[in-house]
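Each chain is listed here by its residues.
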Amino acid sequence: MDLIEQFVAIVGFHNVLSGEGDMAPHLADWRGRYLGAARCVVRPASTEEVAAVVRVCAQAGVAMVPQGGNTSLCGASIPDEGGAAVLISLSRLNRIRGVDPANNTITVEAGCLLQSLQEAALAAGRLFPLSLAAEGSCQIGGNLSTNAGGVQVMRYGNTRELTLGLEVVLASGEVWNGLRALRKDNTGYDLKQLFIGAEGTLGIITAAVMKLFPLPQARATAWLAIESPLASVQLLGELQGAFGATLTACELVSDVALGLVLNHIPGAQRPLANSPWYLLVELSGSGEDGTLNTALEGFLEQALASGTISDAVLAQSSEQARRLWALREDISEAQKIEGLSIKHDVSVPISAIGEFLERADAALEKAFPGFRTVTFGHVGDGNLHYNQSKPEAIENAAFIAVQPQVDLIVHDIVHQLGGSISAEHGIGQLKRDEMLRYKSPLEVEMMRSVKQALDPKGLMNPGKIL
Ligand code: FAD
């Protein structure tokens with residue numbers, strides 16, 4: 001039997017796609033920057049089917065590209081243009097296997113949409129706190145494989161911190177059952193950590209045990225006008241001092257970023273008069289509804305009086321809070337509609353946010369006058385999205401051609417400040433060469449040893465990360 005016949009025997013005729021039109025949505029990335037090719041797209045619906053598909057590929061020496069919701073912003077889920085790889089889509093492997101409210105855990109299959117997981121937790125009276133703008137499309141397997149961050153990391157951690165156990169199909173086709181639901185387990189190397197953030201280069205995650213949390217009873221959301229990123233860092237410290245772990249989100253938005261949302265997203269409305277920068281703040285926790293609003297209102301009155309903020313709006317209903325959040329969550333979509341952009345997803349120590357923006361803005365303005373920088377991000381964990389939008393006067397090709405120089409300027413400053421060139425999106429194809437520039441040879445060598453040990457034939461998502 002040829003490869004396709006073998007896949008059909010495992011997953012059925014309708015779940016092996018080889019027509020150009022059928023495969024197209026799987027072969028282009030969300031930003032439209034990468035266009036790949038594949039032998040076929042295979043859609044297994046169980047761990048056993050994934051394992052059988054991987055065994056066929058391993059025996060034939062064929063490369064495999066796992067794909068979740070295909071919302072990667074660094075080309076991680078798109079195969080190369082050669083057309084020799086098999087794309088394995090996890091979308092049909094999407095059951096909630098079980099919820100254990102007493103243990104505060106949920107066991108889910110990799111293809112489960114993040115939003116479906118959040119809803120299943122809610123139905124059990126619990127919170128699954130991972131939250132990002134792509135949550136209606138991305139899958140928990142993709143979140144695990146990118147160690148996704150999002151807007152509540154400062155309180156609950158990245159996907160890594162939310163994970164207790166994994167089930168993984170190894171490059172050989174063997175199944176590793178590491179679905180433990182334990183908060184303490186010191187029995188040797190913590191192997192699940194290798195697969196989290198590995199971008200499908202070490203194996204295919206088929207299921208996971210994720211942590212759940214008590215559902216917040218009260219919430220307060222405010223949009224603040226501030227003068228500078230430095231003010232956001234000062235405010236973050238004051239908010240943490242006043243509210244501790246109740247402070248669950250602290251998002252920085254530049255007026256340029258807000259302007260894109262107002263221009264491109266229907267229904268978006270400016271919440272306050274113009275200011276160079278804004279901060280979206282959310283408290284959530286126990287207590288009666290309204291108590292957090294009162295507490296935040298008191299804090300904001302003081303901040304206004306001391307001049308730390310120049311204006312503020314406090315959401316009076318969950319609908320108003322949703323609209324404030326949409327202004328933040330829709331920035332990526334609005335920037336995509338605006339046109340091409342060069343994206344940087346960087347992190348620096350929180351104390352260095354002001355210096356990073358000052359230095360990077362000045363260096364870019366000198367080298368590329370006229371580029372518009374769109375800055376937004378998660379102040380609470382030092383992660384900034386620092387993106388340059390293409391000026392109208394420059395052709396697409398010319399803009400893309402200068403990306404390496406722009407990256408070098410931004411990433412050198414990040415590196416000098418002890419930061420990371422990929423805070424939450426991963427490496428994929430986009431930052432593969434950049435990563436080699438900044439990691440020590442010893443660190444890269446250790447990564448290569450891990451890859452060699454788990455995928456000796458180099459068949460798992462080749463060309464990504466390393
Ligand atoms: P895909 O894009 O399909 O794949 C991502 C990587 O994981 C690839 O390397 C793929 O091979 C691998 N992979 C997928 N599933 C598996 C599996 N089961 N086993 C092994 N490997 C697998 N990211 C953030 O961290 N924070 C944000 O706030 C954020 N906001 C975003 C907003 C928008 C509008 C968009 C479009 C993206 C955003 N992202 C964000 C990026 C993206 O959503 C995340 O990286 C997400 O975790 C990817 O999930 P996915 O299911 O789409 O994975």
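For the structure itself, consult the block above.
Residues numbered from 1 in each chain as written. Predicted model: local features only at pLDDT ≥ 70, side-chain atom pairs only at ≥ 80, totals over all residues. Heavy atoms only, no water.

1. Some thoughts on the side chain of H385
Spelled out, the test is: Numbering goes from the N terminus for both helices and strands, where a helix is a DSSP run of H or I of at least four residues and a strand is a run of E of at least two. Any pair of nitrogen or oxygen atoms within 3.5 Å is treated as a polar contact; in protein, a donor-acceptor pairing is required on top of that, and neighbouring residues in sequence qualify only through side-chain atoms on both sides. The contact definition used throughout considers only heavy atoms, calling two residues in contact when any of these lie within 4.5 Å.
Looking at the element boundaries, H385 is found in strand β19 (residues 383-389). For H385, the side chain forms a polar contact with the side chain of E424, separated by 3.0 Å. In contact with H385, other than residues within four places in its own chain, are R328, H344, D345, V374, T375, F376, G377, H378, E424 and H425.

2. So, the pattern of salt bridges
Between side chains of opposite charge, pairing is possible as soon as their charged atoms come close. This is how the line gets drawn: Here, a salt bridge means any side-chain nitrogen of Lys or Arg that lies within 4 Å of a carboxyl oxygen of Asp or Glu.
Tallying each qualifying case throughout the model produces 16 salt bridges. The residue R359 makes a salt bridge to E355 at a minimum N-O spacing of 3.2 Å. Note that R359 and E355 are positioned in helix α13 (residues 353-367) at a spacing of four residues, about one turn of the helix. Through salt bridges with shared partners, a single network forms among R95, R97, E109 and E167.

3. Focus on the site of the ligand
Operational definition: One heavy atom suffices: a residue is near a molecule or strand as soon as one of its heavy atoms comes within 4 Å of it. Only the protein chains shown count as cover for residues, and all accessible areas are computed by the Shrake-Rupley method using a 1.4 Å probe. Charged residues are taken to be Asp, Glu, Lys and Arg, nonpolar residues to be Ala, Val, Leu, Ile, Met, Phe, Trp, Tyr, Cys and Pro, and polar residues to be all remaining types, Gly included.
Near the ligand, the surroundings consist of 35 residues, among which P66, G68, G69, N70 and T71 are the closest. One of the backbone N or O atoms of G69 is found 2.8 Å from an oxygen atom in the ligand. Bound to the protein, the ligand loses 97% of the 960 Å² it would expose on its own. Going through the elements one at a time, β3 (64-67), α5 (140-146) and β10 (203-211) are the ones with two or more residues in the shell around the ligand. At five residues, α5 tops the list of elements feeding residues into the shell around the ligand. Of the residues contributing to the shell around the ligand, the split by class is 13 nonpolar, 20 polar and two charged.

By themselves, these figures tell us nothing about what the structure is for.
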